[in-house]
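Each chain, letter by letter, is given below.
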Amino acid sequence: MNDNGFDWGTFLRRWQDEWVPSEDEAMEPAEGDTALADMAVLGAPPASEAEVADAERRLGTRLPSSYRAFLLTSNGWRLRDDSIHQLGAAHEIDWFGDPFGMTPMYRESLGERATEQEVLLAGMWERALQLETDSDMSYALLDPGDTDDDGEWALYVYHGWSGEYPTRYPSFRAYMQRRYESFHAERAQLPEFVNDTTRARDADVARAREEALSGRWEAARELLDLARRYGRPGAWGMLGQLDVLAQGVGHGRPYFGGLVADPRCTDDLVPVMALAHVRDSLPGRTARPFVLGVETDDGIRAAADAIHARVGDGSHRYAPDGAFGRAVAGAREVARWATRTARGGCSVPRCPPGRRPRRTCWRRSGCWPTRCWGRW
């Protein structure tokens, strides 16, 4: 990731200006000694060029550009929404040194078919630079042996309590961008959490809807993926709708977000979910509950159960009102006769209602001859 042109000052000021406590953080001052005003200070005064140069001489290496630029903007950072609580200043960072002996364990698991990334990870523990100074048994590790074309070092986050592989980010900047997105996602449901970023991502969701309705689903998905990372309402549901359109019913449980709770959509969406549930249910086993995935009132729940029962026994018939309903009925009739043709019926459909054939089909199958009396 090329960090040229990235404005760390603007990025970090925006993060600081938008900060509000999460629900858990709002309770902390009442339980501890930390004042909320102190918690709200995320950054630190910038490091000087001399301080960064001193750190590089001590470590024996030049720091990657994104991390170096960060220190020159804010000499450390407080992360409130992660098991890593504090990124240290330039004089506090040091080599990790693998104090827990992770290297032998990871190298023993390497086989003949080990990937390049697995080999890099096995050697990361002894090479890595440790950035955090306060955490919940978690470590932010920059690996000088895992670099990209721009000279950026990959950053690994290892949660010592999880027993899982570390999470890899291509650079320090990518890690901080993801933490900023997570900061937003943690607060997306707070009514007072409204700022320029939330408004921009909500506008992305609205624009994605227009793109999807215009058939530009790839552009819609790109906008929705970004909004989803920020936790914006509606993004997950619309992504679920795109997945169903792309994959069809029968590829796992469909998700439509809050639309299922809208009584105007019950007759349209619940049959799709019910069909997926019926197809996914294994014969001879106890059927798992039919779950809508959102909070619904008793009326919608009862309607959903009734629709599910009809879908299960094959008696459900989708029949919307108005012009769309008539179009659906016509399409169903065309599909019925197309199926009959594919199974060996006559290749010509029946005479339209109200018309009688000029001559009888030689197969006597009741299909539509080449001409009918009267206009079609």
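Above: the structure in question.
Since the model is a prediction, treat every value here as computed from it, not as a measurement.

### Regarding the pattern of salt bridges
- This structure, assessed with the given rule, holds 18 salt bridges.
- For E181, the salt bridge identified is with R178, shortest N-O distance 3.3 Å. Of the two residues, E181 and R178 are both situated in helix α8 (residues 172-187); the distance of three residues between them amounts to about one turn of the helix.
- By relative accessible area, E181 is classed as buried at 4%.
- Judged by its relative accessible area of 30%, R178 falls in the partly exposed class.
- Residues R228 and D225 are paired through a salt bridge, measuring 3.9 Å at the closest nitrogen-oxygen approach. Of this pair, R228 and D225 both sit in helix α10 (residues 217-229), separated by three residues, roughly a single helical turn.
- Judged by its relative accessible area of 26%, R228 falls in the partly exposed class.
- A cluster of three or more residues bridged by salt bridges with shared partners is formed by E49, E56 and R68.

### Side note on the packing of aromatic side chains
- A full pass over the atoms with the stated rule returns 25 aromatic pairs.
- The interplanar angle of 85 degrees and the centroid separation of 6.0 Å between the aromatic rings of Y180 and Y230 together place this pair among those described as edge-to-face. Highlighted residues: Y180 in helix α8 and Y230 in the loop between α10 and α11 (235-247), separated in sequence by 50 residues.
- When the ring centre of Y230 is taken as origin, the NZ or CZ atom of R201, which lies over that ring, is 5.4 Å away.
- Over the aromatic face of W236 sits the side chain of R228, whose NZ or CZ is 5.3 Å from the ring centroid.

Here is what the cut-offs are and how they apply
Along each chain, numbering runs from 1 in the same order as the chain's sequence is written. Only residues with pLDDT of at least 70 get local features here, since the model is predicted, and only at 80 or more are side-chain atom pairs given and counted; chain-wide, interface and lining totals rely on the full set of residues. Neither water nor hydrogens contribute to the side-chain values; these are computed over all heavy atoms in the structure. Salt bridge, as applied in this entry: a Lys or Arg side-chain nitrogen positioned within 4 Å of an Asp or Glu carboxyl oxygen. Helix and strand definitions follow DSSP, with helices as H or I runs of at least four residues and strands as E runs of at least two, each counted in order from the N terminus. The buried label goes to any residue with under 20% of its type's maximum accessible area, the exposed label to any with over 50%, and the partly exposed label to all in between, with areas taken from a 1.4 Å probe on protein chains only. Aromatic pairing here means that ring centres of Phe, Tyr or Trp (its six-membered ring) are within 6.5 Å. Orientation follows from the plane angle: under 30 degrees is stacked, over 60 is edge-to-face, and everything else is tilted. Throughout this description, the term charge over a ring refers to an Arg CZ or Lys NZ atom that lies within 6 Å of the ring centre and within 35 degrees of the ring normal.

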